[in-house]
Every structure is written in structure tokens, then in C-alpha cells.
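Analysis of the macromolecular model
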Amino acid sequence: MEEYSNSVIAILLTVCNKYEPGQQVFRLQSLVGLKENTNMIEKTTLSKSNLLNADPSNVPIGTINTASVVKLEVPFEVSRRYPLKYIPPGTRFLVSFSSGDITKPIIVGGEF
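Okay, so let's go over this structure. (Residues numbered from 1 in each chain as written. Predicted model: local features only at pLDDT ≥ 70, side-chain atom pairs only at ≥ 80, totals over all residues. Heavy atoms only, no water.)

1. Structural notes on the pattern of salt bridges
This structure, assessed with the given rule, holds one salt bridge. With its nearest N and O atoms 2.8 Å apart, the salt bridge here joins glutamate 111 to arginine 92. Taken together, the positions of glutamate 111 in the segment after β9 (105–110) and arginine 92 in strand β8 (residues 92–97) put the pair 19 residues apart, joining distant regions of the chain. Taking relative accessible area as the criterion, glutamate 111 reaches 48% and is therefore assigned partly exposed. (Salt bridge = Lys/Arg side-chain N within 4 Å of Asp/Glu carboxyl O. Helix = DSSP H or I, 4+ residues; strand = E, 2+ residues; numbered from the N terminus. Buried < 20%, exposed > 50% of the residue type's maximum accessible area, 1.4 Å probe, protein only.)

What follows is the structure, given as C-alpha cells:
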């Protein structure tokens, strides 16, 4: 039996065809908190001024991109269980992190 201790709820933000689910946009509230449901990407420029290195030009610091949503592949095995052809925004899915690695989320179930 699969371990679900590293699982969170993801909220679907797009309309999904259950027969051709593909990649969809989700919001994982446990990761983004109270941020807005937007696809906008925020760019943040990092500063090297507080580094104590003698030569900070060798440090690869620049800009980072952050967003409050994530694109995840919806498995057909999960989407096919939805009772209608189109899965509406707001539907909740169960996302698990492979081996507890936060960079590898996968959808393992849906709340239908």
C-alpha cells in the first residue's frame, strides 16, 4: 500500500477533459499559503551586496521566478473516474511527493 503521509490537496484551476487530461494548472495551498490564484510569474532580483566573498562575480546569483500555481500531469487513470466529461475548476486532487521530494509532485487521486 502506498504511503500518503507526504500528500497534499491540489485545487484544479482549469477545465479538464477527463478523456484527454494532459497538463493542468493547480494550486497547492499548503505550499503557497494565501497567495492569489494567478498564473502570473513574479521575478525577484537577488543582491550580492551582503556576501563576504572576496570576488562575488563568481557567485551565480541573478533573478528567480516564482508563481502561486503549478502545472501537473493528470493521469488518465485518475481523471476517468470523474462522472462527467469535463472536470470543472475547483475540483480537488490528491498530490503526493515522490520519495518526499518536493520537486516531484504527482497526482495520485481525486476527490470526486
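What follows continues from the structure just given.
2. With respect to the sheet that holds β8
Overall, antiparallel pairing links the five strands, which are arranged β6-β3-β1-β8-β9 in an open sheet. Strands at the two margins of the open sheet, each flanked by one partner only, are β6 (70–73) and β9. Taking each pair of neighbouring strands and ignoring which way they run, the sheet shows an average axis angle of 50 degrees. The pairing of β8 with β9 spans five bridges and is classified as antiparallel. Bridge assignment links serine 96 to a residue of β9, and that residue is isoleucine 106. (Pairing = 2+ DSSP bridges. Axes fitted to C-alpha atoms, helices over the stretch in contact; angles between N-to-C directions.)

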